[in-house]
Amino acid sequence: MNTKKVDNAEKRVNELIEKLEIRLNKISPDVNIIPTKTSKGESEWSREIQPSDSKRTDDVLKEIFGVTSENWKTLFQQAAYGSVGEINRILRLHSSALLALLCFHDVANKPIIIKHSDNEVEEYDECWFEVKNKVFDNPSNIDIVLKSKKGNLLFLESKFTEYLSSESPDIRMKYWDFYVRLLKD
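To start, this report covers the structure provided alongside it. (Residues numbered from 1 in each chain as written. Predicted model: local features only at pLDDT ≥ 70, side-chain atom pairs only at ≥ 80, totals over all residues. Heavy atoms only, no water.)

What follows is about helix α2 (residues 57-65). Within an α-helix, residues lying three or four positions from one another point in the same direction, as the helix has 3.6 residues per turn. Buried within α2 are the following residues: Asp 58, Val 60, Leu 61 and Ile 64. For α2, the arc enclosing every buried residue in end-on projection is 160°, short of the 170-degree limit, so these residues lie on one face. Where α2 terminates, the next one or two residues include Gly 66, which has phi positive at roughly 65°. (Buried < 20%, exposed > 50% of the residue type's maximum accessible area, 1.4 Å probe, protein only. Helix = DSSP H or I, 4+ residues; strand = E, 2+ residues; numbered from the N terminus. Arc of directions from axis to C-beta.)

Counting through the fold element by element, Glu 21 comes out in helix α1 (residues 3-27). By relative accessible area, Glu 21 is classed as partly exposed at 22%. In contact with Glu 21, not counting residues within four places along its chain, are Ile 33, Arg 47 and Leu 93. (Contact = heavy atoms within 4.5 Å.)

Glancing now at the nonpolar core. Counting 27 residues, the largest nonpolar core has Ile 49, Ile 90, Leu 101 and Phe 129 as its most contacted members. Of all the elements in the fold, those that place two or more residues in this core are α2, α3 (72-80), α4 (96-104), β4 (121-135) and β5 (138-148). In this view, Phe 129 contacts Leu 75, Gln 78, Ala 79, Ala 100, Leu 101, Phe 104, His 105, Ile 142, Asp 143 and Ile 144; residues no more than four positions away in its chain are not counted. (Core = buried A, V, L, I, M, F, W, Y, C linked by side-chain atoms within 4.5 Å.)

Throughout the structure, instances matching the rule amount to one aromatic pair. For the pair Trp 72 and Phe 76, a centre-to-centre distance of 6.2 Å together with 35° between the ring planes defines the contact as tilted. With Trp 72 and Phe 76 both in helix α3 and four residues apart, the pair spans about one turn of that helix. Phe 76 shares its class with Trp 72; the two are buried. (Phe/Tyr/Trp six-rings, centres within 6.5 Å; stacked < 30°, edge-to-face > 60°.)

Okay, here's the thing in C-alpha cells:
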C-alpha cells in the first residue's frame, strides 16, 4: 500500500476524531471523553465517552444528544445488542452503531423522504437496527432497515471511519472487489 495514502488516511482519522471531541464538548461540556482502551493499551486516536457508574449507557447518550423520541430505549437495545457486540463500542466517538442510532432513531417523527428519478416520493417512517440478513453463506446483521409508508424496505449499512485507518482495515475477502470499486480513491 502507498505509504503516502496511509499517512493521509491516518491524518484524516486523527483530524476527524479531534473535531468530534471538540463538537461533543460543545454539545455537552460535562461529558468525560477518554482514549479508547484496546488490547494494545490506550488508542492514540480513538476516543470514547466515559459514563459515570451510576448511569446506564442509553440514558447517557439520551442526555448528551438531547434525545426525546418515545421509543429510544427499544431502538437503543436493537442497535447496541446485536450479535456483534456493539454495546462494547457504542460509546466510541467513531462508532457506526452510534452514528446509525443517532441519525435514524426519530424517523417516526422526522421521516426520511427520497425522491425517485420519476418524481415519485417515498417516505420512510419506521426503522429497526441490527436486523438479521443472509449475506453470501453467512447470516449477518444489517445496520438499519427503514420501512416506507408504502411498505417498501430500505436496507442500509452504516460505515463511519472503519476503513480510514491502516491499523486494522479488516475487509473480508468476500467484500474485497466491492470495496475496491467503491473506494478507488
